[in-house]
Amino acid sequence: MSASGGTKAIVAALSANLAIAAAKFVAFLFSGSSSMLAESVHSLADSGNQGLLLLGGKKAQRQATPEHPFGYGRERYIYAFLVSIVLFSVGGMFAVYEGYEKIKHPHPIEAWYWPVGVLVFAIIAEGFSFRTAITESNQTRGTLSWTDFIRRAKAPELPVVLLEDFGALIGLVLALGGVGISLATDDGVWDGIGTLCIGILLIVIALVLAAETKSLLLGESAGAEQIERIKAAVVDGDTVTGIIHMRTLHLGPEELLVAAKIAVQHDDTATEVANAINAAETRIRAAVPIARVIYLEPDIYNADAASKGTNPGRSALAGAPGQPTEGATGTTGVDAPTGVDDPTGPDGENPSGPGH
């Protein structure tokens, strides 16, 4: 895990949510407010979620085994996905049920100063946690908008904490509004409406988290900028004249697999090709340090076959003499070959170079 960033934000959120959950539950016992009960369960679920993120980060640090040769980096994605399930079921669905029951069977709020005081305290504590998550995210967000950062981040912890804290702050405002209107009108229905809105909000956030972490679980490529740096590092213009096609895949947030079929000169010796591959791997790791697993398969580029669409190089051959270079798609991490003879990418049956 990016310990200096993700872990700090998680610990800050965990500390705030444990204190807030206890305070909200006490307020519920004294006031009978369903909004406070829903919010206390919400904060308790968030605390469990932060515990899951810390557990996933710990498990992801395990060394690779023969059964899992690429390591356990994706454990972080699995636990982030579990967070979305917990948020949906424990937080969202419970709040929807509690809100429905309160609307159906309303009752006035007692000891109003308890829920109001606790909600003000919770807003301050959640604001501190949210501020910490924003500060840590800004260190890696760069020029991306917040929406793009959440959609493109390969490390799931910060986006999860950001969405949880954002949802918690809005939920607290809804709860405060529901309690306030109930007190002003002496009608407990408004407390139930506030609770129902909290549940809907949590379900929406949970669905967003589920969609983003599902994409990471399925396997995402490197970013477009990283792909371009890898392309530039592979081709030396001498032995390695171009990239026929390439695939990249995140094995974890800080571990990238690179597999490519590269074009070499037809009269190069095996030793020259092997040395060129080793040098290319070194350049790739220097350009993109998280590229830790690299497979480069040499092949002979055939211009005549490419012009007829029967060679996998065709216009996808990056850097070949007389051939145009196409950029990566940015979504799959590959060039756009025409007539590819190996749609699954390099088969890895005879990977070259020490690599790994």
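Residues numbered from 1 in each chain as written. Predicted model: local features only at pLDDT ≥ 70, side-chain atom pairs only at ≥ 80, totals over all residues. Heavy atoms only, no water.

Draft legend 1. Main features of helix 2 (residues 34–59). Taking 1.5 Å as the rise per residue, helix 2 with 26 residues should run 38 Å; its terminal C-alpha atoms sit 37 Å apart, in good agreement. Of all the 26 residues making up helix 2, 19 are buried; the element is thus mostly covered by neighbouring parts of the structure. (Helix = DSSP H or I, 4+ residues; strand = E, 2+ residues; numbered from the N terminus. Expected span 1.5 Å × (residues − 1). Buried < 20%, exposed > 50% of the residue type's maximum accessible area, 1.4 Å probe, protein only.)

Draft legend 2. Main features of helix 8 (residues 224–234). Looking only at helix 8, the buried set comprises Gln-226, Ile-227, Ile-230, Lys-231, Ala-233 and Val-234. Considered in projection along helix 8, the buried side chains sweep an arc of 165 degrees and stay on one side of the axis. Every exposed residue of helix 8 that faces more than 90 degrees away from the buried side is listed here: Glu-225 and Ala-232. Residues of helix 8 that are buried sit in contact with strand 1 (240–252), strand 2 (255–264) and helix 9 (270–287). (Arc of directions from axis to C-beta. Contact = heavy atoms within 4.5 Å.)

Draft legend 3. Examining the pattern of salt bridges more closely. The final tally for this structure, using the stated rule, is nine salt bridges. Residue Arg-76 is joined to Glu-254 by a salt bridge in which the shortest nitrogen-to-oxygen separation is 2.8 Å. On the criterion of sequence distance, the pair formed by Arg-76 in helix 3 (residues 75–104) and Glu-254 in the loop between strand 1 and strand 2 is long-range, its members being 178 residues apart. Among the residues examined, Arg-76 registers a relative accessible area of 3% and is labelled buried. For Lys-261, the salt bridge identified is with Asp-299, shortest N-O distance 3.8 Å. (Salt bridge = Lys/Arg side-chain N within 4 Å of Asp/Glu carboxyl O.)

Draft legend 4. Expanded view of the confidence of the model for the chain. Summarising the model, the chain shows a mean pLDDT of 80, and 83% of its residues fall at 70 or more. Mean pLDDT across the elements of the chain bottoms out in helix 10 (residues 303–307) (59) and peaks in helix 9 (93). In the model, residues 309–356 has pLDDT below 50 throughout and makes 114 contacts with residues more than four positions away in sequence or in other chains. (pLDDT = per-residue confidence, 0-100.)

Draft legend 5. Region of interest: the environment of Ile-230. Assignment of secondary structure puts Ile-230 in helix 8. For Ile-230 and Ala-287, which are 57 residues apart along the polypeptide, the C-alpha to C-alpha distance reads 6.7 Å. Contacts of Ile-230, omitting those with residues within four sequence positions, involve Met-246, Thr-248, Leu-256, Val-258, Ile-284 and Val-288.

Draft legend 6. Representation of a nonpolar patch on the surface. Residues Phe-25, Val-26, Leu-29, Phe-30, Trp-112, Tyr-113, Trp-114 and Leu-183 make up a contiguous nonpolar surface patch of about 790 Å² in total accessible area. Elements supplying a minimum of two residues to the nonpolar patch: helix 1 (3–31) and helix 4 (113–141). Note on placement: Tyr-113 falls in helix 4. (Patch = residues over 30% accessible without salt bridge, like charges linked within 9 Å, V, L, I, M, F, W, Y side chains within 5 Å. Areas by Shrake-Rupley, 256 points an atom, 1.4 Å probe, with all protein chains shown as cover.)

Draft legend 7. Region of interest: the packing of helix 2 against helix 6 (residues 157–185). The interhelical angle for the contact between helix 2 and helix 6, taken along N-to-C directions, is 170 degrees, at an axis separation of 10 Å. Between helix 2 and helix 6, the angle falls in the class roughly antiparallel. Seen from helix 2, the contacting residues are Ser-35, Glu-39, His-42, Asp-46, Asn-49, Gln-50 and Leu-53; seen from helix 6, they are Glu-157, Val-160, Val-161, Glu-164, Gly-167, Ala-168, Gly-171, Leu-172, Ala-175 and Val-179. Looking at side-chain class alone, the contact of helix 2 with helix 6 contains seven nonpolar, six polar and four charged residues. (Axes fitted to C-alpha atoms, helices over the stretch in contact; angles between N-to-C directions. Parallel < 35°, antiparallel > 145°, perpendicular 65-115°, else oblique. Nonpolar A, V, L, I, M, F, W, Y, C, P; charged D, E, K, R; others polar.)

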